[in-house]
Amino acid sequence: MSVISPIKDEALLEQQPHGMTSAARMRHQRARQHARTANILLSVVPPLVLALLLFLGWYLGTNQGQINALFLPAPQDVFTALNDGIASGLYLNNVLVTVKESLLGFVLALVIAIPLGYGLAKSRLLAAAIHPYLAAGQAIPAIVIAPLLVLWLGYGWIPNMYVCALTVLFPMVVNTVLGIQTIEKPLIDAARVEGASGWTMFAHIEFPLALPSIVAGIRTGLTLSVVGALVGEFVQGGDQGLGSLLLVAKNQYNTAFMFATLLVLVVLAVAYYGSTWLLGKLAKIIY
């Protein structure tokens, strides 16, 4: 007797044969429900078990004195620092600064990336002229570019916004190019036969077909935008943003405060990634 894996069986069970009896149809529906439940459990339970084991090891290692608190603080110290930062409004004020920098940088990069990626995919001359500079820009670390932007633009959130844009531009451009170039040529030819060209071709044929790849680039770019904001804040060494809080914690050797700030960054990155997941679902519904 063959056994269908929990990951693959739901797709197979979606193919419901015609002419099924009511009893067979009910069995089919129950099998589909069991497949969905198995997939949910498989995606939720293993990460939770691993997190629980890691937390238990962290708790035992720090509370039994096996690990120096300077290197790894106890969980209760981290949560105390986190609670104090939230209650005082310290985290809220600095999260808003980092979110402002990262989102504005991401939007700026997005406005540039999609037209540029489309142009690179369509024009060999444009690709030959710009690709080397894109590759060179990606090869130069953002932490090297950030001091120059501070020198040119001064201190504040504006240079950090540009650092974010430069950090996320390349993956979004590459994914846009990939999405446009992997569209099957017969589909484009058929659309041309029907009279599609220019904006009509892009809006109704090319963009929807390239959308999964573009959304993947957006997902990567939005998550990386937090990294760009942190790099800019590290270089400026100011008193605003989550990056500045990490610098303060490092200079004070306050590892509990540092870990609490890292938890805030993790939550922010998860929120960004979750928003792009919802964007992908919305795009599927629209197109």
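Parameters at a glance
Throughout this document, residue positions are counted from 1 along each chain, in the order its sequence is written. Two thresholds apply to this predicted model, a pLDDT of at least 70 for residue-level local features and 80 or more for giving and counting side-chain atom pairs, whereas whole-chain, interface and lining totals are computed over all residues. To obtain the side-chain values, all non-hydrogen atoms of the structure were included, while hydrogens and water were left out. By convention, a stacked pair of Phe, Tyr or Trp rings (six-membered ring in the case of Trp) has centres within 6.5 Å and planes under 30 degrees apart, an edge-to-face pair has planes over 60 apart, and any other such pair is tilted. Secondary structure is summarised from DSSP: a helix means a run of H or I of at least four residues, a strand means a run of E of at least two, and numbering begins at the N terminus for each. Residue burial is assigned from relative accessible area. The probe radius is 1.4 Å, only protein chains are included, and a residue is buried under 20% of its type maximum, exposed over 50%, and partly exposed in between. Any carboxyl oxygen of Asp or Glu within 4 Å of a side-chain nitrogen of Lys or Arg constitutes a salt bridge here. Reported domain spans reflect what an automatic or database domain assignment gives. Nitrogen and oxygen atoms within 3.5 Å of one another constitute a polar contact, given that in protein one can donate a hydrogen and the other can accept it, and given that sequence-neighbouring residues count only through two side-chain atoms. Put simply, Ala, Val, Leu, Ile, Met, Phe, Trp, Tyr, Cys and Pro go in the nonpolar bin, Asp, Glu, Lys and Arg in the charged bin, and everything else, Gly too, in the polar bin. In this description, a nonpolar core means a group of buried Ala, Val, Leu, Ile, Met, Phe, Trp, Tyr and Cys residues linked to one another through side-chain atoms lying within 4.5 Å. The contact definition used throughout considers only heavy atoms, calling two residues in contact when any of these lie within 4.5 Å. The axes are straight lines fitted to the C-alpha atoms, using for helices just the contacting stretch, and the angles between their N-to-C directions are given from 0 to 180°. When describing relative orientation, an angle under 35 degrees is termed roughly parallel and one over 145 degrees roughly antiparallel, while 65 to 115 degrees is termed roughly perpendicular and anything else oblique. Crossing handedness follows the turn of the near helix against the far one: under a right angle anticlockwise gives a left-handed crossing, and clockwise gives a right-handed one.

**Here we look at the packing of aromatic side chains**
- On inspection of all chains with the given rule, the structure shows 6 aromatic pairs.
- Their ring planes at 45° and their centres at 6.1 Å tell us that tyrosine 91 and phenylalanine 257 sit as a pair that is tilted. Taken as a pair, tyrosine 91 in helix α4 (residues 90-122) and phenylalanine 257 in helix α11 (residues 255-286) lie far apart in primary sequence, 166 residues in all. Each member of the pair, tyrosine 91 together with phenylalanine 257, is buried.
- A ring pair is formed by tryptophan 199 and phenylalanine 202, whose centres lie 5.7 Å apart and whose planes are at 45°; its orientation type is tilted. Here tryptophan 199 pairs with phenylalanine 202, and both are found in helix α9 (residues 198-236), just 3 residues apart, close to one helical turn.
- With relative accessibility at 65%, the residue tryptophan 199 sits in the exposed group.
- Classification of phenylalanine 202 as buried rests on a relative accessible area of 17%.
- In this structure an aromatic cluster arises from ring pairing among Tyr118, Trp199, Phe202 and Phe207.

**With respect to the pattern of salt bridges**
- Applying the stated rule across the entire model yields 3 salt bridges.
- Aspartate 189 is the salt-bridge partner of lysine 185, the closest N and O atoms lying 3.1 Å from each other. Of this pair, lysine 185 and aspartate 189 are both found in helix α8 (residues 185-193), 4 residues apart, which corresponds to roughly one turn of the helix.
- Aspartate 189 gets classed as partly exposed once you look at its relative accessible area, which sits at 31%.
- For the salt bridge of aspartate 189 with arginine 192, the shortest nitrogen-to-oxygen distance reads 3.7 Å.

**Observations concerning the domain arrangement of the protein**
- Domain assignment breaks the protein into domain 1 (20-66) and domain 2 (73-284).
- Spacing between the C-alpha centres of domain 1 and domain 2 amounts to 31 Å.
- At the boundary of domain 1 with domain 2, the tally comes to 0 salt bridges.
- On inspection of domain 1 and its partner domain 2, the count reaches 2 residue pairs in polar contact (both at pLDDT 80 or more).
- Split by residue class, the side of domain 1 that touches domain 2 holds 3 nonpolar, 2 polar and no charged.

**A word on the nonpolar core**
- Residues Tyr91, Leu120, Met172, Val173 and Leu242 are the most contacted members of the largest nonpolar core, which totals 49 residues.
- Sort the elements by how many residues they give to this core and α9 lands first, with 11 residues.
- Leave out the neighbours within four places in its chain, and methionine 172 touches Phe106, Ala109, Leu110, Ala113, Gly217, Ile218 and Gly221.
- Within the second largest apolar cluster, 5 residues are counted, among which are Ile145, Ala146, Val163 and Val231.

**Looking at the packing of α8 against α9**
- The interhelical angle for the contact between α8 and α9, taken along N-to-C directions, is 165°, at an axis separation of 11 Å. Classified by the angle their axes make, α8 and α9 are roughly antiparallel. Crossing of α8 against α9: the hand is right-handed. Across from Leu187, Ile188, Ala191 and Arg192 in α8, the residues of α9 making contact are Met201, Ile205, Glu206 and Leu209.

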